[in-house]
Amino acid sequence: METAGIDAPELGGILVPLLLYADDLILMSTSPEGLQRQLDALASFCEQRQLTGNLSKTKVVIFEARKSDCKEFVFSGTTVERHDEYVYLGFVFHATKSMAYGVEYLVAAGKKAVHAMRRRCISLHLSDPATICKLFDILVLPILSYTCEVWAVKVGATAELVHRQFLKQLLGVRKSTTNQIVLAEFGRFPLQIHFWQQILRYHNRVRALPNSRLDKLALIDGFWDSNPPHRVEALSGNWRSDVRRITDTHGQQILYDELDIPSLLSEKKRTGLRTFFLTQTIAACNSTGLSTKPIIQFTSTLTICLLSDAIPTGD
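Residues numbered from 1 in each chain as written. Predicted model: local features only at pLDDT ≥ 70, side-chain atom pairs only at ≥ 80, totals over all residues. Heavy atoms only, no water.

1. Observations regarding the overall build of the protein chain
Across its full length, the protein chain holds eleven helices and eleven strands. Classification of the 315 residues of the protein chain by burial places 32% in the buried group. Taking the intrachain contacts of the protein chain between residues at least 6 apart in sequence as the baseline, contacts between residues at least 24 apart amount to 52%. For the protein chain, the exposed surface amounts to about 19200 Å²; the carbon and sulfur share of it is 55%. (Helix = DSSP H or I, 4+ residues; strand = E, 2+ residues; numbered from the N terminus. Buried < 20%, exposed > 50% of the residue type's maximum accessible area, 1.4 Å probe, protein only. Contact = heavy atoms within 4.5 Å. Areas by Shrake-Rupley, 256 points an atom, 1.4 Å probe, with all protein chains shown as cover.)

Take a look at the structure:
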């Protein structure tokens with residue numbers, strides 16, 4: 001495709017007029033005129049090769065802060081419909097809303113999967129909580145975590161609601177029951193731990209790609225060079241800066257380097273356990289009038305021992 005006059009977006013100094021995946025095609029432009037030129041070029045290509053575009057699946061989405069009027073777009077003499085949302089590779093994108101909009105669809109699908117799984121368990125007379133939790137991880141978690149590498153940095157808590165509701169129903173307790181107690185009863189951590197694992201693995205995979213790959217260019221584009229020259233800082237307000245907050249908290253400040261995923265996740269779990277024990281012990285002390293200082297000290301030791309599968313010894 002000729003790039004002159006199509007106003008293609010740029011990534012790392014490279015024009016990106018289109019995206020191809022299997023039989024899916026996305027044309028991209030920063031102006032209405034540029035997009036129409038791309039549609040005309042595609043129509044000419046299809047005519048020369050006796051191909052027919054499926055207009056029932058061909059839509060125009062204009063990503064902007066607020067919906068505005070725009071000229072109609074035409075493909076082979078037929079007007080292409082403009083939609084506010086579009087499904088690409090299984091994820092719903094909205095013209096004016098954030099990725100949280102698409103996550104709502106995943107959450108709805110996850111809830112349906114939970115109901116279907118529970119009905120099947122009832123029909124099979126399956127009641128073992130450990131087995132049902134494993135089925136959740138196999139049948140429901142992949143739905144809730146689809147493309148979480150991109151969206152879970154900001155809106156992972158939305159999917160966690162499905163997880164907590166499932167566990168409370170399995171226990172037969174009220175919705176108001178403390179979430180930490182329910183998780184502790186099953187020996188489980190919030191789904192955000194799984195999401196972070198996927199995000200950090202994705203970071204390391206993309207980091208290892210050649211610099212010519214678009215996903216690698218997107219990774220680099222979220223940084224700016226500073227002194228020393230090998231240190232790269234994440235820009236504020238984007239995916240990179242959100243991920244950096246979790247790595248900086250645990251001492252891995254140079255985010256562009258390969259990340260030590262096990263140590264990061266271990267620290268996240270340790271923080272979660274410490275929060276749980278402190279919450280419960282402080283509540284107990286407040287109700288009995290005891291001092292919280294020695295209990296908090298013991299709680300910190302107990303948290304570390306639980307993560308290492310060790311039993312504290314001594315006094």
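2. Focus: the pairing of strand E8 (residues 85-88)
By the bridge criterion, four bridges tie E8 to strand E9 (residues 91-94) in an arrangement that is antiparallel. Within E9, the residue paired with Tyr86 across the bridge is Phe93. Between E8 and E9, which pair antiparallel and follow one another directly, the connecting turn spans two residues, one of which, Leu89, has a positive phi of 55°. (Pairing = 2+ DSSP bridges.)

3. A word on a nonpolar patch on the surface
A grouping of Tyr21, Leu89 and Tyr146 is seen on the molecular surface, where their side chains present a nonpolar patch of about 290 Å² in accessible area. Tracing the backbone through its elements, the reader meets Tyr146 in the loop between helix H4 (141-144) and helix H5 (148-171). Given the relative accessible area of 34%, Tyr146 is considered partly exposed. (Patch = residues over 30% accessible without salt bridge, like charges linked within 9 Å, V, L, I, M, F, W, Y side chains within 5 Å. Salt bridge = Lys/Arg side-chain N within 4 Å of Asp/Glu carboxyl O.)

4. Some words on the pairing of strand E3 (residues 18-21)
The sheet contact formed by E3 and strand E4 (residues 24-27) spans four bridges and is antiparallel. Note that in E4 the partner of Tyr21 across the bridge is Asp24. Counted along the chain from E3 to the antiparallel partner E4, the turn is two residues long, and its residue Ala22 has a positive phi close to 55°.

5. Brief notes about the packing of aromatic side chains
Under the defined criterion, the tally for this structure stands at four aromatic pairs. Ring geometry for Phe91 against Phe93: centres 5.2 Å apart, planes inclined by 65°, an arrangement best described as edge-to-face. Its relative accessible area of 3% is what places Phe91 among the buried residues. By relative accessible area, Phe93 is classed as partly exposed at 29%. (Phe/Tyr/Trp six-rings, centres within 6.5 Å; stacked < 30°, edge-to-face > 60°.)

6. Details of the environment of Gly102
Looking at where Gly102 falls in the secondary structure, it is placed in helix H2 (residues 100-123). The residues touching Gly102, leaving out its near neighbours within four places in the chain, are Phe91 and Val92.

7. Side note on unusual backbone geometry
If you check the backbone angles, Asp7 has positive phi at about 50° while not being a glycine. On the basis of relative accessible area, Asp7 is assigned to the partly exposed category, the value being 35%. Even without being glycine, Leu89 reaches a positive phi, approximately 55°. Checked against the element boundaries, Leu89 lands in the loop between E8 and E9.

8. Details of the nonpolar core
Met117, Phe136, Val140, Leu144, Trp151, Phe166 and Phe195 are the most contacted members of the largest nonpolar core, which has 36 residues in total. Going through the elements one at a time, H2, helix H3 (129-139), H4, H5, helix H6 (179-186), helix H7 (191-207) and helix H10 (261-288) are the ones with two or more residues in this core. Ranked by the residues each element gives to this core, the list is headed by H5, at nine residues. The residues touching Trp151, leaving out its near neighbours within four places in the chain, are Phe91, Met99, Val103, Leu106, Leu144, Ser145, Tyr146, Gly156, Ala159 and Phe195. Within the second largest apolar cluster, ten residues are counted, among which are Leu27, Leu39, Ala43 and Val80. (Core = buried A, V, L, I, M, F, W, Y, C linked by side-chain atoms within 4.5 Å.)

9. Remarks on the sheet that holds strand E6 (residues 73-75)
A sheet is described by the order of its strands in space; here three strands give the open sequence E5-E7-E6, paired in mixed fashion. Both edges of this open sheet fall to strand E5 (59-60) and E6, since each of them pairs with a single strand only. Across three bridges, E6 lies against strand E7 (residues 78-82) in antiparallel orientation. Pairing of Phe73 across the sheet is with Val80, part of E7. Sitting on the sheet, helix H1 (residues 32-48) is in contact with E5 and E6, with an inclination near 10° to E6. (Axes fitted to C-alpha atoms, helices over the stretch in contact; angles between N-to-C directions.)

10. Observations concerning the environment of Leu144
Relative to the helices and strands, Leu144 resides in helix H4. Contacts of Leu144, omitting those with residues within four sequence positions, involve Leu106, Val107, Gly110, Phe136, Trp151, Ala159, Val162, Leu191 and Phe195.

11. A few points about H1
Along an α-helix, residues three or four positions apart point the same way, because every turn accommodates 3.6 residues. Spanning 17 residues, H1 covers 25 Å between terminal C-alpha atoms, matching the ideal 24 Å at 1.5 Å per step. Burial in H1 covers these residues: Gly34, Leu35, Gln36, Gln38, Leu39, Ala43 and Cys46. (Expected span 1.5 Å × (residues − 1).)

12. Re the confidence of the model for the protein chain
Confidence in the prediction for the protein chain averages 79 pLDDT; 75% of positions are at 70 or higher. In the predicted structure, residues 224-235 sits below a pLDDT of 50 and forms 25 contacts with residues beyond four places in sequence or in another chain. The low-confidence segment residues 298-315 (pLDDT under 50) makes 19 contacts with residues lying over four places distant or belonging to another chain. (pLDDT = per-residue confidence, 0-100.)

13. Points about helix H8 (residues 214-221)
Among the residues making up H8, those that are buried are Lys216, Leu217 and Leu219. Taken around the axis of H8, the buried residues stretch over an arc of 155°, which confines them to a single face. (Arc of directions from axis to C-beta.)

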